[in-house]
Structures are given as structure tokens and as C-alpha cells.
Amino acid sequence: GAVVSQHPSWVICKSGTSVKIECRSLDFQATTMFWYRQFPKQSLMLMATSNEGSKATYEQGVEKDKFLINHASLTLSTLTVTSAHPEDSSFYICSAKQLAGLYEQYFGPGTRLTVT
Amino acid sequence: QKEVEQDPGPLSVPEGAIVSLNCTYSNSAFQYFMWYRQYSRKGPELLMYTYSSGNKEDGRFTAQVDKSSKYISLFIRDSQPSDSATYLCAMSPGGGRLYFGRGTQLTVWP
């Protein structure tokens, strides 16, 4: 149980284009989903928190117009990187939390984005 | 000062050794403590979680929390090459947001 999937697992795009990454909770309903960014040999950096049906809450320094997050259902959240640039190349990981009040987060396998 | 400090290593041990991984933190509001294992280019996998102070054991893994010292540990007994990964500590005051350590890279050689 508690499986989270991400799609795609790896994407290459040209500078200036937009890329959408999907995060799905496969066997549970996720009231809250989190989006992280991870650079090589670094820890996870929280980008934003999204609750189903609400606007995402972005961490300080994260451009909300660049990283669009939508959490339209209890099993799906999407992150769209708009007008991507090479410095946006990174490993993006989502996590999902079951029900309000529980603290465990279950992580997706991550999406490697390369912007050329 | 970062809220969660973790020595990034790398840590290299022979198969069968006991591994000790540690984190310190500064926020006394943290109540929930977790250890995640992350293989290269994969998402983190939840290994252990503990609420407040105390010990928790699961197979070869033991998690310890000492809130008075703001110090948490993960022990791996009889380490195996398959345990080679990065281990991340994480903690939360409750409500969902996790605060991660930097991760410790562990290699267990045969």
C-alpha cells in the first residue's frame, strides 16, 4: 500500500518550452501533496505544498508563475515548469500524505528534467 | 544554523558491520521523526518513524530519539551491500511539512 507514481520518469525539453509532471497516489487518497527539488548529492528542497481543491503554498524563493501546481483531485497533482531554462534541470520528487493529521509522507520515484 | 544537521559522509563499512547514522536538530517543536532510504536516482523510501522520544526496532533497523539532547539515530545491524544508499533523516512538528537532513551516503562493501 501507499504507492505514489510519477510520470514521466525522465524528460528532456528545449529551453523556452513547458513541461508537465504528474504525481498520482495509486492506492490512497492524498489530501496534501508536496513537491520537492533535489540537486545531486543534496537534500530535498521543498518547493510547494498543495491541498486538494486549493491553491498551492509556495516556499520562499520559489516562483509561483514558473512552477505551476494543480491538485485537482485526491489522487493527482501536477507540476508544470513553464518557459524552462537549463538552470531548471533537476530531479523533481513529489510526496503524498494520507488524511489530515497523519505525518507520514510517501514519495514518488522522481522525475529527472533536463533542459537543453 | 540549519534546523536539521546531518553529516553527509560518505560512510563506508564492511558487510556485517553495525552502522550508526545520526542527526541533530534545533527546533524543540519537532515531535515526529523519520528515516528515509534513497537509492540513486530514486525517490526516498520510508524506513522508520517514531513519535517523541524512545526506541523503535524493525528487523535489522533501530531508531532512537533523544528529545532532551535533540539527537536522533538510526542503527543498522548486520549491514548488507543492498543497504548501500543515502539515508535521510526527517522530522516534523506535525501538520505535514517535513524538515530533512542533508542525507548520509552509505556504502557497504562485501
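Report on the accompanying structure. (Residues numbered from 1 in each chain as written. Chains lettered and ligands numbered in written order. Predicted model: local features only at pLDDT ≥ 70, side-chain atom pairs only at ≥ 80, totals over all residues. Heavy atoms only, no water.)

**So, the overall build of chain A**
Across its full length, chain A holds zero helices and 11 strands. When the helices and strands of chain A are listed from N to C terminus, the series reads β-β-β-β-β-β-β-β-β-β-β. For chain A, whose C-alpha radius of gyration is 13 Å, the value lies close to the compact-globule estimate of 13 Å for 116 residues. The dimensions of chain A, computed from C-alpha atoms along their principal axes, are 40 × 25 × 25 Å. Here the contacts in chain A between residues at least 6 apart in sequence split such that 55% fall between residues at least 24 apart. As displayed, chain A offers around 5,600 Å² of accessible surface, 54% of which is attributable to carbon and sulfur atoms. Positive and negative charge centroids in chain A, built from 10 and 9 side chains respectively, lie 5 Å apart. (Helix = DSSP H or I, 4+ residues; strand = E, 2+ residues; numbered from the N terminus. Rg over C-alpha atoms; globule rule 2.2 N^0.38 Å. Contact = heavy atoms within 4.5 Å. Areas by Shrake-Rupley, 256 points an atom, 1.4 Å probe, with all protein chains shown as cover. Lys, Arg positive; Asp, Glu negative; His and termini not counted. Charge placed at Lys NZ, Arg CZ, Asp CG, Glu CD.)

**Some details on the sheet that holds strand β6 (residues 54–58) of chain B**
Residue and element names in this part refer to chain B. The antiparallel open sheet is built from five strands, whose spatial order is β1-β3-β8-β7-β6. The sheet is open, and its two edges are formed by β1 (4–5) and β6, each paired on a single side. Bridge count between strand β3 (residues 19–25) and strand β8 (residues 71–76): six bridges; the pairing is antiparallel. Bridged to Val19 within β8 is Ile76. (Pairing = 2+ DSSP bridges.)

**Re the nonpolar core**
Residue and element names in this part refer to chain A. If you look at the biggest cluster of nonpolar residues, it comprises 26 residues, and the most contacted ones within it are Phe67 and Leu113. Among the elements of the structure, β2 (10–13), β3 (19–25), β4 (30–38), β5 (44–51), β7 (67–73), β8 (76–81), β9 (90–98) and β11 (111–115) are those that each provide at least two residues to this core. Ignoring anything within four residues of it in the chain, the contact list for Phe67 reads Arg37, Met47, Tyr58, Val62, Leu79, Thr80, Val81, Asp88 and Tyr92. (Core = buried A, V, L, I, M, F, W, Y, C linked by side-chain atoms within 4.5 Å. Buried < 20%, exposed > 50% of the residue type's maximum accessible area, 1.4 Å probe, protein only.)

**As for the interface of chain A and chain B**
Often the size quoted for an interface is simply the accessible area lost on bringing the parts together. Contact residues are listed per partner, giving 20 residues for chain A and 19 residues for chain B. Carbon and sulfur atoms make up 58% of the area that chain A and chain B hide from each other, which totals about 1,700 Å². Connecting chain A to chain B are one salt bridge. Where A:Glu59 meets B:Arg97, a salt bridge forms, and the shortest distance between an N and an O atom there is 2.8 Å. Among the elements of the structure, β4, β5, β9 and β10 (105–107) of chain A are those that each provide at least two residues to the side of chain A that touches chain B. Looking at the side of chain A that touches chain B, its residues break down into 10 nonpolar, five polar and five charged. (Buried area = accessible area lost by both parts, 1.4 Å probe. Salt bridge = Lys/Arg side-chain N within 4 Å of Asp/Glu carboxyl O. Nonpolar A, V, L, I, M, F, W, Y, C, P; charged D, E, K, R; others polar.)

**Details of the side chain of A:Ser50**
Residue and element names in this part refer to chain A. Tracing the sequence through the fold places Ser50 in strand β5. At 3.0 Å, the side chain of Ser50 and the side chain of His71 are in polar contact. Filtering out sequence-adjacent residues up to four positions away, Ser50 remains in contact with Thr31, Thr32, Met33, Ala56, Ile69, His71 and Ser77. (Polar contact = N/O pair within 3.5 Å; in protein donor to acceptor, adjacent residues only side chain to side chain.)

**Brief notes about the sheet that holds β3(A)**
Think of a sheet as strands paired side by side through backbone hydrogen bonds, with each pair either parallel or antiparallel. Residue and element names in this part refer to chain A. Overall, antiparallel pairing links the four strands, which are arranged β1-β3-β8-β7 in an open sheet. In the strand order of this sheet, the two ends are held by β1 (4–7) and β7, each with one partner. Geometrically, the sheet is characterised by an average inter-axis angle of 15 degrees between neighbouring strands, direction not taken into account. Across four bridges, the pairing between β1 and β3 is antiparallel. Bridge pairing in β3 links Ser5 to Arg24. (Axes fitted to C-alpha atoms, helices over the stretch in contact; angles between N-to-C directions.)

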